Amino acid sequence: AQRVTQPEKLLSVFKGAPVELKCNYSYSGSPELFWYVQYSRQRLQLLLRHISRESIKGFTADLNKGETSFHLKKPFAQEEDSAMYYCALSGRASGTYKYIFGTGTRLKVLA
Amino acid sequence: GAGVSQTPSNKVTEKGKYVELRCDPISGHTALYWYRQSLGQGPEFLIYFQGTGAADDSGLPNDRFFAVRPEGSVSTLKIQRTERGDSAVYLCASSLKSGGEAGADTQYFGPGTRLTVL
């Protein structure tokens, strides 16, 4: 079965501390992984995708096929990073490139 | 340019009533997706359109749910005989196409319609 697991519902860190938001997946085939972010009162927006291998707003994520993970990391958290983060999975095996989302992790960055 | 828009932003209805939710995708995007997000959950896939046709409706929970996209642009999600369990945020997303050799296209999401069934 295709599935995305985000084990933490809430993650609280202090400003300037490192952040790691966990994402594990189950997928038969070549997966494509995404991180979407939803700031307060805003719509879901793409943060990054593994194919691009970019760093957006200081965040990075590496696809580890051996561990079936795509954890999101940032070395120094900022208060403006506080938001809801969703990991999503897509690919041909899902039939139509629809996204399968995890349940999300709320990140709170404390001053 | 304008992003994905959805109307209404909020809809309150009574159990048993019929509702329509509208999605206006980004101009030129041929792929359109509907998702449903219940409280505390991530978005769950409902239906996918490529152009005018529903290419995948495997996520529709039952036959009370139906969606159309008659001209390949605006889409309407229709829910008959609403139930309290239908209460959720309904999200629409569009992408240039669904995917291809370069993989899945990025989906752009609308603000959602919050449906409350009393």
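> I keep staring at the overall build of chain B and nothing clicks. Help me out?
Looking only at helices and strands, chain B features zero helices and 13 strands. For a compact globule of 118 residues, the expected C-alpha radius of gyration is about 13 Å, and chain B comes in at 14 Å, within 12% of that figure. In terms of its C-alpha atoms, chain B occupies a principal-axis envelope of roughly 45 × 30 × 30 Å. Among the 118 residues that make up chain B, the fraction classed as buried is 47%. By sequence separation, contacts in chain B at least 24 residues apart represent 55% of the contacts at least 6 residues apart. Counting only carbon and sulfur atoms, one obtains 49% of the accessible surface of chain B, whose full area is about 5,600 Å².

> Where do I start with the interface of chain A and chain B in this structure?
Many descriptions give the size of an interface as the accessible area lost when the pieces come together. Each partner contributes to the interface: chain A provides 20 residues, whereas chain B provides 28 residues. For the pair chain A and chain B, the number of links is one salt bridge. One salt bridge connects K98 of chain A with D56 of chain B, and the closest N-O pair in it is separated by 3.1 Å. Where chain A touches chain B, the interface holds 10 residue pairs in polar contact (both at pLDDT 80 or more). Those elements that place two or more of their residues in the side of chain A that touches chain B are β5 (32-38), β6 (45-49) and β9 (83-90) of chain A. Take the side of chain A that touches chain B: its biggest share by element is three residues, from β5 of chain A. Of the residues belonging to the side of chain A that touches chain B, the class tally is nine nonpolar, five polar and six charged.

> I'm lost on the side chain of D81 of chain A in this one. Help?
By the secondary structure assignment, D81 of chain A is in the loop between β8 (72-74) and β9. Beyond its immediate chain neighbours, meaning those up to four positions away, D81 of chain A contacts F59, K74, F76, L107 and V109 of chain A.

> Just checking my understanding: could you explain the environment of G112 of chain B for this structure?
All names here are of chain B. By secondary structure assignment, the location of G112 is in the loop between β12 (108-109) and β13 (113-117). The class for G112 is buried, based on a relative accessible area of 6%. Between the C-alpha atom of G112 and that of V4, which follows or precedes it by 108 residues, the distance is 9.5 Å. Sequence-distant contacts of G112, defined by excluding residues within four places in its chain, comprise Q6, P8, S9, V89, Y90 and L91.

Reading the values: the criteria
Residues numbered from 1 in each chain as written. Chains lettered and ligands numbered in written order. Predicted model: local features only at pLDDT ≥ 70, side-chain atom pairs only at ≥ 80, totals over all residues. Heavy atoms only, no water. Helix = DSSP H or I, 4+ residues; strand = E, 2+ residues; numbered from the N terminus. Rg over C-alpha atoms; globule rule 2.2 N^0.38 Å. Buried < 20%, exposed > 50% of the residue type's maximum accessible area, 1.4 Å probe, protein only. Contact = heavy atoms within 4.5 Å. Areas by Shrake-Rupley, 256 points an atom, 1.4 Å probe, with all protein chains shown as cover. Salt bridge = Lys/Arg side-chain N within 4 Å of Asp/Glu carboxyl O. Polar contact = N/O pair within 3.5 Å; in protein donor to acceptor, adjacent residues only side chain to side chain. Nonpolar A, V, L, I, M, F, W, Y, C, P; charged D, E, K, R; others polar.

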